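So the chains spell out like this:
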Amino acid sequence: MKVDKTCVGCGQCAAFCPYDAIVVFGRAFMNEKCVECGICVEYCPACAISEDK
Amino acid sequence: MKAVIIGAGLGGLLAGAKLSKAGYEVEVFERLPFIGGRFANLDYKGFKLSTGALHMIPHGSRGPLAQLLREVGAHVNIIDSNPMAIIRKDDGENIEFHDFRNEISITKRVKLATILAYSLKFKPKSDISFRDWVLKYFDDEFLLKLADSFCGWSLSLKAKDVPAREMLEIIDKMYLYKGSGVPQGGCGAVTGALADVIRSGGGKIHTKSCVDKIIIDGNRAKGVKVSGKTVDSDLVISDMGHQETARMYECMDDGYLMRINSVVPSKGIKICLGANEPLIGHSGVYFTPYAERINGINEVTQADPSLAPQGKHLVMSHQAVLSDNLEEEINIGLSDLKRLFPEKKYEVLMVQSYSGGWPVNRASSGTEIGNMTPVNDLYIVGDGAKGKGGIEVEGVALGVMNVMRELGVSS
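J.: Any details on the overall build of chain B? Residues and values, ideally.
T.: From N to C terminus, chain B includes 11 helices and 19 strands. At 21 Å, chain B has a C-alpha radius of gyration in line with the 22 Å of a compact globule built from 411 residues. Viewed in the frame of its principal axes, chain B has a C-alpha envelope of about 65 × 50 × 40 Å. Residue burial in chain B is summarised as follows: out of 411 residues, 55% are buried. A separation threshold of at least 6 residues defines the contact pool for chain B, and within that pool the share at least 24 residues apart is 70%.

Structure, rendered in structure tokens:
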């Protein structure tokens, strides 16, 4: 997943990630557990996450 | 009569519940997959964190939000904090909030009583900031620190960025409604109960439904376009703030556009801690005026233990953001917590920050421009249009009350 600059670090994606793959510290960072399922995309209020292409 | 509501945050749901009770057919559209906006619960590691607010209602069971919840029959148990608040002094000693006067000289104490009584009655008409107001009359280090701590905790602002008249409105309301409370079940219990009111009145709430456009005809809001579909209505209420709402229709009012662009959002950082033992030991606000960044802390499990796994405590700190370096701001906050609780063991569950497109408040306190728009039958509610002197969600409730008064929907 790709996180762009509009991420504010609210942590919503991390709480809804079923794989515990997101760490938030001022902004969201995906770790190696990410399986690119894309669930975080729709939970992001800032529309900051997109599929990594 | 049909009302369309854009956004299922606290403002949208309060408005929806009021209108539903008044006989309107209500349809709410929320773009996210869940309702509640920044007043919802986030289940995380067995704790009930929140999407935004700190599971606290600034004026507890007596305030405007509690009043609205009662009016619409939303069943929420608000546990009033006792003590209301504690202040941690420079030397680490804790004092009751009301005893802050004992920390200043007798001369200043007498002056405080008279100046405050006068200023509450005759609020300053100038744009003097709360910090400058405190400096002008008292020039007291402790009062200045306390002002920053209070403004940071409750408004995510430094005292220098809050107009004194807005702060005096807030002090007025503190005398009137008193201190804070914790909604049993957290923020999510409040927004969940409001959604129940809307649904039981026959209203609909759609999630994952992004409104593309507000339909205007003859300067009246006539409905919305959602995923290509037109939904007609007699009234549109937006919980998205003035700026985002104005982007959804062709706004021709230059004066209004200029005013809404001068609105400043507020930024904040919340650090959520999980602990095996109490860190502060009471359900009130713990003001930390001498910390470098942390303005205040609460321990909501003192009021509602169900917000954490059994035997654990959920502690949340809040700080205004003072620089553009968010990582550094967070690190200073974390160091503050280490210094505040040196002997205690706790886990940092999550660090949450709010700014820009998802701020603490779309319109920081004192920069609100009301609930009206240049378009008839189109109103703004929520944190982008709080009522005067309303701290956070109390301001959201006051804003909704203003709109209801405008619409002739009585209590």
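J.: I'd like a description of the overall build of chain A, backed by residues and values.
T.: Across its full length, chain A holds two helices and four strands. From first element to last, N terminus to C terminus, chain A shows the α and β order β-α-β-β-α-β. On C-alpha atoms alone, chain A measures out to a radius of gyration of 9 Å, which is about the 10 Å that the 2.2 N^0.38 rule sets for 53 residues. Taken along the three principal axes of its C-alpha coordinates, chain A extends 20 × 20 × 15 Å. Within chain A, the fraction of its 53 residues that count as buried is 42%. A separation threshold of at least 6 residues defines the contact pool for chain A, and within that pool the share at least 24 residues apart is 46%.

J.: I'd like a rundown of the domain arrangement of chain B, residues and numbers included.
T.: Residue and element names in this part refer to chain B. Taken as a whole, chain B is organised into domain 1 (2-79 + 185-264 + 363-407), domain 2 (98-177) and domain 3 (268-354). Between the C-alpha centres of domain 2 and domain 3 the distance comes to 25 Å. Taken together, the contacts link 10 residues of domain 2 with 11 residues of domain 3. Among the residues making up the side of domain 2 that touches domain 3, the classes are represented as four nonpolar, three polar and three charged.

J.: Lay out unusual backbone geometry with the relevant residues and their values.
T.: All names here are of chain B. Looking along the chain, the bond that leaves Asn-82 and enters Pro-83 is cis, with omega of 0 degrees. With respect to the helices and strands, the residue Pro-83 is situated in the loop between β5 (78-80) and β6 (85-88). Phi angles above zero are rare outside glycine, and Asn-219 is one such case at about 60 degrees. Take Asn-219: there are 12 C-beta atoms within 10 Å of it, and that puts it in the exposed class.

J.: I'd like a description of the interface of chain B and chain A, backed by residues and values.
T.: Contacts between the two partners involve 20 residues from chain B and, on the opposite side, 15 residues from chain A. Counting residues per element, the ones that place at least two in the side of chain B that touches chain A are β3 (41-44), α10 (326-340) and β18 (346-354) of chain B. Looking at the side of chain B that touches chain A, the element that brings in the most residues is β18(B), giving five residues. Split into classes, the residues belonging to the side of chain B that touches chain A amount to 11 nonpolar, six polar and three charged.

J.: Before we move on, can you summarise the sheet that holds strand β15 (residues 285-287) of chain B with the specific residues and values?
T.: Residues and elements named next belong to chain B. Read across the open sheet, the seven strands follow the order β7-β6-β15-β16-β17-β14-β18; overall the sheet is mixed. Single-partner strands in this sheet number two, and they are β7 (94-96) and β18. Direction aside, neighbouring strands of the sheet carry axes that sit 25 degrees apart on average. The pairing of β6 with β15 spans three bridges and is classified as parallel. In the strand pairing of β15, Ile-87 is matched with Phe-287. In the packing of α10 onto the sheet, contacts are made with β14 (268-275), β17 (313-320) and β18, and the angle to β14 comes to roughly 40 degrees.

Reading guide: rules and limits
- Residues numbered from 1 in each chain as written.
- Chains lettered and ligands numbered in written order.
- Predicted model: local features only at pLDDT ≥ 70, side-chain atom pairs only at ≥ 80, totals over all residues.
- Helix = DSSP H or I, 4+ residues; strand = E, 2+ residues; numbered from the N terminus.
- Rg over C-alpha atoms; globule rule 2.2 N^0.38 Å.
- Buried ≥ 20, exposed ≤ 12 C-beta atoms within 10 Å, placed from the backbone.
- Contact = placed C-beta atoms within 7 Å.
- Domains from an automatic or database assignment.
- Nonpolar A, V, L, I, M, F, W, Y, C, P; charged D, E, K, R; others polar.
- Pairing = 2+ DSSP bridges.
- Axes fitted to C-alpha atoms, helices over the stretch in contact; angles between N-to-C directions.

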